[in-house]
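One letter stands for each residue in the lines below.
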Amino acid sequence: MAGKCIVILGPPGSGKGTQAVRIAGELGIKHLSTGDLLREGVARKTGLGLEAEGYMKRGDLVPDEIMLGLIHEELGRMGDSGWILDGYPRTLPQAESLSGMLEEQGRSIDHVVFVDVNPEVIVRRLTSRRICSGCNAVHNLEMEDMSEGDGCRECGGELVKRPDDDEETVRRRLEVYGIQTAQVVDYYRRQNRLVPVDGAAGIDEVTAEILRNVK
Ligand SMILES: [Zn+2]
């Protein structure tokens, strides 16, 4: 029997990557993050991998057709095995191309998990993230019940905020994400494939809710 084909969507800070790894482990399917696909393509020195490397070296975004090509190659290698795709598609044209490609392979997406979190919760989560300047450990003032000015729990080092986690930057990222992804979410909702889960719940609860819906 062919394994499940799952797509996971969610804004930055939703914990989607963590959930994707857990779901892959629980269902015995492969976690395909776009970052890993790019790294594998480059390491295998496939034509597409080398092309992608060129864009990344110049600091440019890897174009859709190359990313889709890399996904196509990887799915071809995997045969009938199941997978959970994390980080793709982000736009409606990408979602449509993915469906077309799967159809040619005689497959289709079984479930689209949407880890939904109120933007204000994400802003609080991301702006309270701190990195240790001594050991690089990542801490979260809010989630770990720490205060501004506390030292690293691992090494006592000074905790600093990444420029990316500044409130204005976080809000801008969420806005861009929201505009692009609303169409993708609607597309899958119309196909009755969408599984919305409340990402504001605890990590274990979110995993359990996803599993209840995709098993
Ligand atoms: Zn530290």
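As the structure is a prediction and not an experimental result, all values here were calculated from the model. (Residues numbered from 1 in each chain as written. Predicted model: local features only at pLDDT ≥ 70, side-chain atom pairs only at ≥ 80, totals over all residues.)

1. Quick word on the nonpolar core
Taken as a class, soluble globular proteins show a tendency for nonpolar side chains to be buried jointly. Using the following cut-off: Each nonpolar core reported here comprises buried Ala, Val, Leu, Ile, Met, Phe, Trp, Tyr and Cys residues connected via C-beta atoms within 7 Å. Every C-beta atom is placed from the backbone, and the number of other C-beta atoms within 10 Å of a residue's own sets its class: buried at 20 or more, exposed at 12 or fewer, partly exposed in between. Note that contacts rest on C-beta atoms placed from the backbone: two residues are in contact if these are within 7 Å.
With 36 residues, the main nonpolar core has Ile 8, Ile 84 and Val 113 as its most contacted residues. In this view, Ile 84 contacts Ile 6, Ile 8, Ala 20, Ile 23, Ala 24, Ile 29, His 31 and Leu 32; residues no more than four positions away in its chain are not counted.

2. Here we look at unusual backbone geometry
Put simply, the rule reads: Each helix is a run of H or I in the DSSP string that is no shorter than four residues. Each strand is a run of E no shorter than two, and both are numbered from the N terminus.
A cis amide bond, omega -5°, links Tyr 88 with the succeeding residue Pro 89. As for its position among the elements, Pro 89 is in the loop between strand S3 (83–86) and helix H5 (92–104). Positive phi values are uncommon outside glycine, yet Lys 45 reaches one of about 55°. Tracing the sequence through the fold places Lys 45 in the loop between helix H2 (34–44) and helix H3 (47–57).

3. Digging into the packing of helix H4 (residues 64–78) against H5
The criterion, for reference: Every angle, taken between N-to-C directions, lies between 0 and 180 degrees, and every axis is a line fitted to C-alpha atoms, over only the stretch in contact when it is a helix. The hand of a helix crossing depends on one turn: near helix anticlockwise from the far one by less than a right angle means left-handed, and clockwise means right-handed. Side-chain classes are defined by residue name, with Ala, Val, Leu, Ile, Met, Phe, Trp, Tyr, Cys and Pro counting as nonpolar, Asp, Glu, Lys and Arg as charged, and the others, Gly among them, as polar.
Where H4 contacts H5, the axes come no closer than 11 Å and their chain directions differ by 35°. In this structure, H4 meets H5 at a crossing whose hand is right-handed. Facing Asp 64, Leu 68 and His 72 of H4, the residues of H5 in contact are Pro 93, Gln 94, Ser 97, Leu 98 and Met 101. Here the contact of H4 with H5 is built from residues that sort into four nonpolar, three polar and one charged.

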